[in-house]
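# Survey of secondary and tertiary structure
For reference, the chains in residue letters:
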Amino acid sequence: MSFVSLLLVGILFHAIQAEQLTKCELFQRLKDLDGYGGVTLPEWVCTVFHTSGCDTQTIVNNNDSTEYGLFQINNKIWCRDNQIPHSRDICGISCDKFLDDDLTDDIMCVKKILDNVGINYWLAHKALCFEKLDQWRCEKW
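Looking at an unreviewed UniProt entry, the protein chain carries the name Alpha-lactalbumin, with the source organism given as Delphinapterus leucas. The Sequence similarities (unreviewed entry) comment attached to the protein chain in UniProt states, word for word, "Belongs to the glycosyl hydrolase 22 family." Quoted verbatim from the Subcellular location (unreviewed entry) field of UniProt, the annotation for the protein chain is "Secreted".

Next up on the list: the pattern of salt bridges. Taken as a whole and assessed by the stated rule, the structure comprises four salt bridges. The salt bridge involving Asp64 is made with Lys76; its shortest N-O contact spans 2.7 Å. Of this pair, Asp64 sits in the loop between strand E1 (59-61) and strand E2 (66-68) while Lys76 is found in the loop between strand E3 (73-74) and helix H4 (104-116), placing the two residues twelve residues apart along the sequence. Note on Asp64: relative accessible area 45%, which makes it partly exposed. Owing to a relative accessible area of 35%, Lys76 belongs among the partly exposed residues under this scheme.

Calculation notes
- Residues numbered from 1 in each chain as written.
- Predicted model: local features only at pLDDT ≥ 70, side-chain atom pairs only at ≥ 80, totals over all residues.
- Heavy atoms only, no water.
- UniProt positions renumbered as here; feature names shortened; annotations may be inferred.
- Salt bridge = Lys/Arg side-chain N within 4 Å of Asp/Glu carboxyl O.
- Helix = DSSP H or I, 4+ residues; strand = E, 2+ residues; numbered from the N terminus.
- Buried < 20%, exposed > 50% of the residue type's maximum accessible area, 1.4 Å probe, protein only.

Below is the structure:
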(Lines give C-alpha, C1' and ligand atoms only; values in the text may rest on other atoms or scores of the structure.)
Protein backbone atom coordinates (compact mmCIF):
# COMPACT_ATOMS: atom_id res chain seq x y z
CA MET A 1 0.00 0.00 0.00
CA SER A 2 1.42 3.37 -0.95
CA PHE A 3 1.95 6.26 1.44
CA VAL A 4 -0.88 8.22 -0.21
CA SER A 5 -3.28 5.29 0.26
CA LEU A 6 -2.33 4.97 3.91
CA LEU A 7 -2.76 8.69 4.38
CA LEU A 8 -6.24 8.60 2.81
CA VAL A 9 -7.26 5.63 4.95
CA GLY A 10 -6.07 7.47 8.05
CA ILE A 11 -8.00 10.61 7.13
CA LEU A 12 -11.18 8.72 6.27
CA PHE A 13 -10.98 6.58 9.40
CA HIS A 14 -10.73 9.68 11.55
CA ALA A 15 -13.62 11.32 9.68
CA ILE A 16 -16.03 8.46 10.34
CA GLN A 17 -15.11 7.90 13.97
CA ALA A 18 -17.59 8.91 16.60
CA GLU A 19 -17.10 12.16 18.36
CA GLN A 20 -17.36 11.86 22.11
CA LEU A 21 -18.09 15.33 23.41
CA THR A 22 -16.95 16.73 26.73
CA LYS A 23 -19.25 18.52 29.14
CA CYS A 24 -17.99 21.94 28.03
CA GLU A 25 -18.24 21.03 24.34
CA LEU A 26 -21.86 20.04 24.92
CA PHE A 27 -22.52 23.33 26.70
CA GLN A 28 -21.25 25.23 23.68
CA ARG A 29 -22.88 23.09 21.00
CA LEU A 30 -26.29 22.79 22.71
CA LYS A 31 -26.66 26.48 23.62
CA ASP A 32 -29.62 26.82 21.21
CA LEU A 33 -31.52 24.39 23.44
CA ASP A 34 -30.93 26.33 26.66
CA GLY A 35 -34.34 27.11 28.12
CA TYR A 36 -36.26 25.60 25.19
CA GLY A 37 -39.22 23.73 26.64
CA GLY A 38 -38.07 24.84 30.09
CA VAL A 39 -34.96 22.63 29.98
CA THR A 40 -31.61 24.07 31.06
CA LEU A 41 -28.19 23.29 29.62
CA PRO A 42 -27.09 21.30 32.70
CA GLU A 43 -30.23 19.17 32.31
CA TRP A 44 -29.34 18.57 28.65
CA VAL A 45 -25.73 17.67 29.39
CA CYS A 46 -26.86 15.20 32.05
CA THR A 47 -29.56 13.74 29.80
CA VAL A 48 -27.21 13.33 26.84
CA PHE A 49 -24.58 11.72 29.07
CA HIS A 50 -27.03 9.15 30.39
CA THR A 51 -28.69 8.62 27.00
CA SER A 52 -25.75 8.22 24.62
CA GLY A 53 -22.59 8.66 26.65
CA CYS A 54 -22.07 11.96 24.77
CA ASP A 55 -21.18 9.93 21.66
CA THR A 56 -22.55 11.30 18.38
CA GLN A 57 -22.57 7.87 16.72
CA THR A 58 -24.42 5.87 19.33
CA ILE A 59 -26.94 3.45 17.86
CA VAL A 60 -29.19 1.37 20.10
CA ASN A 61 -31.26 -1.42 18.58
CA ASN A 62 -34.42 -2.26 20.47
CA ASN A 63 -36.77 -5.13 19.65
CA ASP A 64 -38.66 -3.30 16.94
CA SER A 65 -36.92 0.04 16.51
CA THR A 66 -33.56 1.81 16.56
CA GLU A 67 -32.42 4.98 18.27
CA TYR A 68 -29.76 7.21 16.74
CA GLY A 69 -27.10 9.66 17.81
CA LEU A 70 -26.43 11.92 20.75
CA PHE A 71 -30.13 12.27 21.61
CA GLN A 72 -31.15 8.69 20.72
CA ILE A 73 -33.87 9.73 18.29
CA ASN A 74 -36.20 6.84 17.41
CA ASN A 75 -36.82 5.65 13.84
CA LYS A 76 -40.48 4.72 14.40
CA ILE A 77 -41.70 8.25 14.90
CA TRP A 78 -39.04 10.91 14.38
CA CYS A 79 -36.79 9.89 11.45
CA ARG A 80 -36.66 7.41 8.57
CA ASP A 81 -34.37 4.51 7.78
CA ASN A 82 -34.53 1.19 5.93
CA GLN A 83 -35.64 -0.72 9.02
CA ILE A 84 -39.05 0.95 9.31
CA PRO A 85 -40.36 1.94 5.87
CA HIS A 86 -43.55 3.46 7.26
CA SER A 87 -42.01 5.66 9.95
CA ARG A 88 -44.00 8.76 10.82
CA ASP A 89 -40.76 10.71 10.16
CA ILE A 90 -42.00 13.79 12.00
CA CYS A 91 -38.60 15.47 11.74
CA GLY A 92 -38.47 14.81 7.98
CA ILE A 93 -34.91 13.51 8.02
CA SER A 94 -32.90 10.35 7.49
CA CYS A 95 -31.89 8.82 10.84
CA ASP A 96 -28.25 8.54 9.78
CA LYS A 97 -28.02 12.35 9.82
CA PHE A 98 -28.08 12.07 13.62
CA LEU A 99 -24.79 10.16 13.54
CA ASP A 100 -22.58 12.96 12.23
CA ASP A 101 -20.90 15.69 14.22
CA ASP A 102 -23.15 18.47 12.88
CA LEU A 103 -25.79 18.85 15.59
CA THR A 104 -27.91 21.38 13.68
CA ASP A 105 -30.40 18.80 12.40
CA ASP A 106 -30.34 16.93 15.72
CA ILE A 107 -31.31 20.10 17.60
CA MET A 108 -34.06 20.87 15.08
CA CYS A 109 -35.57 17.43 15.68
CA VAL A 110 -35.10 17.66 19.46
CA LYS A 111 -37.16 20.85 19.43
CA LYS A 112 -39.94 19.01 17.55
CA ILE A 113 -39.81 16.22 20.12
CA LEU A 114 -40.05 18.76 22.94
CA ASP A 115 -42.98 20.50 21.24
CA ASN A 116 -44.81 17.19 20.74
CA VAL A 117 -44.08 15.08 23.82
CA GLY A 118 -41.80 17.11 26.08
CA ILE A 119 -38.62 16.28 27.94
CA ASN A 120 -40.08 13.02 29.27
CA TYR A 121 -39.25 11.46 25.88
CA TRP A 122 -35.79 11.04 27.40
CA LEU A 123 -36.33 8.68 30.34
CA ALA A 124 -32.96 9.57 31.85
CA HIS A 125 -34.08 13.15 32.42
CA LYS A 126 -36.70 12.51 35.07
CA ALA A 127 -34.77 9.71 36.73
CA LEU A 128 -31.30 11.28 36.79
CA CYS A 129 -31.26 14.87 35.55
CA PHE A 130 -34.03 16.72 37.30
CA GLU A 131 -32.14 18.03 40.32
CA LYS A 132 -28.61 18.27 41.74
CA LEU A 133 -27.19 19.49 38.45
CA ASP A 134 -24.04 21.31 39.62
CA GLN A 135 -21.78 18.53 38.33
CA TRP A 136 -23.20 19.01 34.82
CA ARG A 137 -22.24 22.69 34.54
CA CYS A 138 -19.25 23.90 32.57
CA GLU A 139 -17.09 26.29 34.56
CA LYS A 140 -16.13 28.16 31.37
CA TRP A 141 -19.72 29.30 30.74
